[in-house]
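Descriptive analysis of the structure
Each chain, written out:
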Amino acid sequence: MIEKKIAKSIKLVKKGDQSAFEDIVEHFQGKVFAICFRMVGNKHEAEDIAQEAFIRAYINIQSYDENRKFSTWLYRIATNLAIDRMRKKKPDYYLDAEIQGADGLNLYAQIPDDGVLPEDEVESLETQSYIQKEIMELPAKYRSIIALRFIDELSLKEISEILEIPVGTVKTRIHRGREALRKKLRHV
C-alpha cells in the first residue's frame, strides 16, 4: 500500500505537484539519513547529504524509471553523494557524533535500557564505538558496502543497483571488507 502511495506521489511530482514530494521525503528521510550517517559518521554532514539527495531526486524525478524501485534509485543518489563527500574531504576520524552537553556520550547511548548493568553498557558502547571507528577507517569502497549490507541490511542485488556495480563485485568487496575489518578487530 505504501509503495502505491509513493508511486502515486511520484506521478504527481512528475506532473508538477511539488507538495506531493513531501510524502516521499517523509517516507524515506529516516532511511536516507541513516545511510548517509553510516557512511560519513557525522550527523550534520549526513543531514546535509540527505537533504542534497532529496533535492537531486526532485530535480531529476523525470529521469526516474517507474519500472524500478524508487527506494533503490533514491538510495543510490544518497550513496553516491556520500561517497563524493568522503572522497573530497581529508580523513578525519570524528566518527561518532557526540551529544552536546552529555559529557562525551554518543548516539549509542540512546539505546533503550534492557536491564544491562551500567559497566556492561559502557563496555558495549566502547566496543561499538571502536567497531564504528574501524569501519570508518576502511577504504570508501569497502566502507559503503559494509554499511549497506550489515548495517542497513540491504540485499546483494539492492547494493549492486545502488552502487551500479555487478553483484559479483559486491560479493568480492563484502568479503575483502570483512577480512580487512576482521584483521583490525582481531584483538577485540
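The structure this text deals with has already been given above.
So, here's what we can say about the structure. Because the structure is a prediction, the values reported are computed rather than measured. Each chain carries its own residue numbering, running from 1 in the written order of its sequence. The predicted origin of the model limits local features to residues at a pLDDT of at least 70 and limits the giving and counting of side-chain atom pairs to 80 or more, whereas totals for whole chains, interfaces and linings rest on all residues. Hydrogens are left out, water is left out, and the side-chain values use all remaining heavy atoms of the structure.

Some points on the overall build of the protein
- Runs of E in the DSSP output that reach at least two residues are strands. Runs of H or I that reach at least four are helices, and both are numbered from the N terminus. Along the protein, the regular secondary structure elements total eight helices and zero strands.
- Starting at the N terminus and walking to the C terminus, you meet the elements of the protein as α-α-α-α-α-α-α-α.
- The buried label applies to any residue whose accessible area, calculated with a 1.4 Å probe on protein chains only, is under 20% of its type's maximum; exposed applies above 50%, and partly exposed to all values in between. Within the protein, the fraction of its 188 residues that count as buried is 36%.
- Of the contacts made within the protein by residues no fewer than 6 positions apart, 60% connect residues no fewer than 24 positions apart.
- Taken as a whole, the protein presents about 11,600 Å² of accessible surface, with 50% of it coming from carbon and sulfur. Only heavy atoms matter for contacts: two residues are in contact if any of them lie within 4.5 Å across the pair. Each accessible area is a Shrake-Rupley estimate made with a 1.4 Å probe; only the visible protein chains count as cover when residues are assessed.

Side note on the packing of helix H1 (residues 2-14) against helix H2 (residues 21-40)
- At a minimum axis distance of 8 Å, the contact between H1 and H2 shows a crossing angle of 140°. The pairing of H1 with H2 is recorded here as oblique in orientation. Crossing handedness for the pair H1 and H2: left-handed. For the pair H1 and H2, the contacting residues are Ile2, Lys5, Ile6, Ser9, Ile10 and Val13 in the first and Phe21, Asp23, Ile24, His27 and Phe28 in the second.
- Amino acid classes used here: Ala, Val, Leu, Ile, Met, Phe, Trp, Tyr, Cys and Pro are nonpolar; Asp, Glu, Lys and Arg are charged; the rest, including Gly, are polar. Each residue belonging to the contact of H1 with H2 can be placed in one class, and the counts come to seven nonpolar, two polar and two charged. An axis is simply a line fitted to the C-alpha atoms; with a helix, the fit covers only the stretch in contact. Between two such axes, the angle follows the N-to-C directions and lies from 0 to 180 degrees. If an angle is under 35 degrees, it is roughly parallel; if it is over 145, roughly antiparallel; if it lies from 65 to 115, roughly perpendicular; otherwise it is oblique. Note on convention: near helix rotated counterclockwise from far helix by under a right angle means a left-handed crossing. Clockwise means right-handed.

Some points on the packing of aromatic side chains
- Stacked, edge-to-face and tilted are the three classes for Phe, Tyr and Trp ring pairs, Trp counted by its six-membered ring, which pair at centre distances within 6.5 Å; planes under 30 degrees apart are stacked, over 60 edge-to-face, the rest tilted. This model, assessed by the stated rule, comprises eight aromatic pairs.
- Note on Phe21 and Tyr58: the rings are 5.2 Å apart at their centroids and 70° apart in plane angle, and the pair reads as edge-to-face. On the criterion of sequence distance, the pair formed by Phe21 in helix H2 and Tyr58 in helix H3 (residues 43-59) is long-range, its members being 37 residues apart.
- Overall, the relative accessible area of 29% leaves Tyr58 in the partly exposed class.

Observations regarding the nonpolar core
- One finds Phe28, Val32, Phe70 and Leu163 to be the most contacted residues of the largest nonpolar core, which totals 40 residues.
- Put simply, the parts of the chain that give this core at least two residues each are H1, H2, H3, helix H4 (70-88), helix H6 (140-151), helix H7 (156-163) and helix H8 (167-184).
- Here the element with the most residues in this core is H4; it accounts for 10 residues.
- In this structure, Val32 is in contact with Ala50, Ala53, Phe54, Leu74, Tyr75 and Ala78, ignoring residues within four places of it in sequence. We call a set of buried residues a nonpolar core when its members are Ala, Val, Leu, Ile, Met, Phe, Trp, Tyr or Cys and they connect through side-chain atoms within 4.5 Å of each other.

Description of H2
- The largest bend along H2 measures about 50° and falls at Phe28.
- Inspection of H2 places Phe21, Ile24, Phe28, Val32, Ala34, Ile35, Cys36, Phe37, Met39 and Val40 among the buried residues, and these make up the whole buried set.
- Residue Gly41 follows H2 closely and has a positive phi angle near 70°. To obtain the bend at a residue, axes are fitted to the seven residues ending there and to the seven starting there, and the angle between these axes is taken.

What about the side chain of Arg76?
- Mapped onto the secondary structure, Arg76 falls in helix H4.
- The exposure class assigned to Arg76 is buried, which follows from its relative accessible area of 18%.
- Apart from residues no more than four positions distant in its own chain, Arg76 is found in contact with Glu161, Ile162 and Glu164.

Comments concerning the packing of H2 against H4
- It is the contact of H2 with H4, at a shortest axis distance of 10 Å, that shows an interaxial angle of 35°. Like other packed secondary-structure pairs, H2 and H4 cross with a definite hand, here right-handed. From H2, Ile24, Phe28, Lys31, Val32, Ile35, Cys36, Met39 and Val40 reach across to H4, where they touch Phe70, Ser71, Leu74, Tyr75, Ala78, Thr79, Ala82, Ile83 and Met86.
- For the contact of H2 with H4, the residue count by class is 14 nonpolar, two polar and one charged.

Overview of the pattern of salt bridges
- The working definition used for a salt bridge is a side-chain nitrogen of Lys or Arg within 4 Å of a carboxyl oxygen of Asp or Glu. Tallied over the entire structure, the rule returns 14 salt bridges.
- A salt bridge links Glu158 to Lys69; its shortest N-O distance comes to 3.4 Å. With a gap of 89 residues between them, Glu158 in helix H7 and Lys69 in the loop between H3 and H4 connect regions that are remote in the sequence.
- We classify Lys69 as partly exposed; its relative accessible area is 44%.
- For the salt bridge of Glu164 with Arg76, the shortest nitrogen-to-oxygen distance reads 3.3 Å. Taken as a pair, Glu164 in the loop between H7 and H8 and Arg76 in helix H4 lie far apart in primary sequence, 88 residues in all.
- Connected through shared salt-bridge partners, Lys133, Glu134, Glu137 and Lys184 make up one network.

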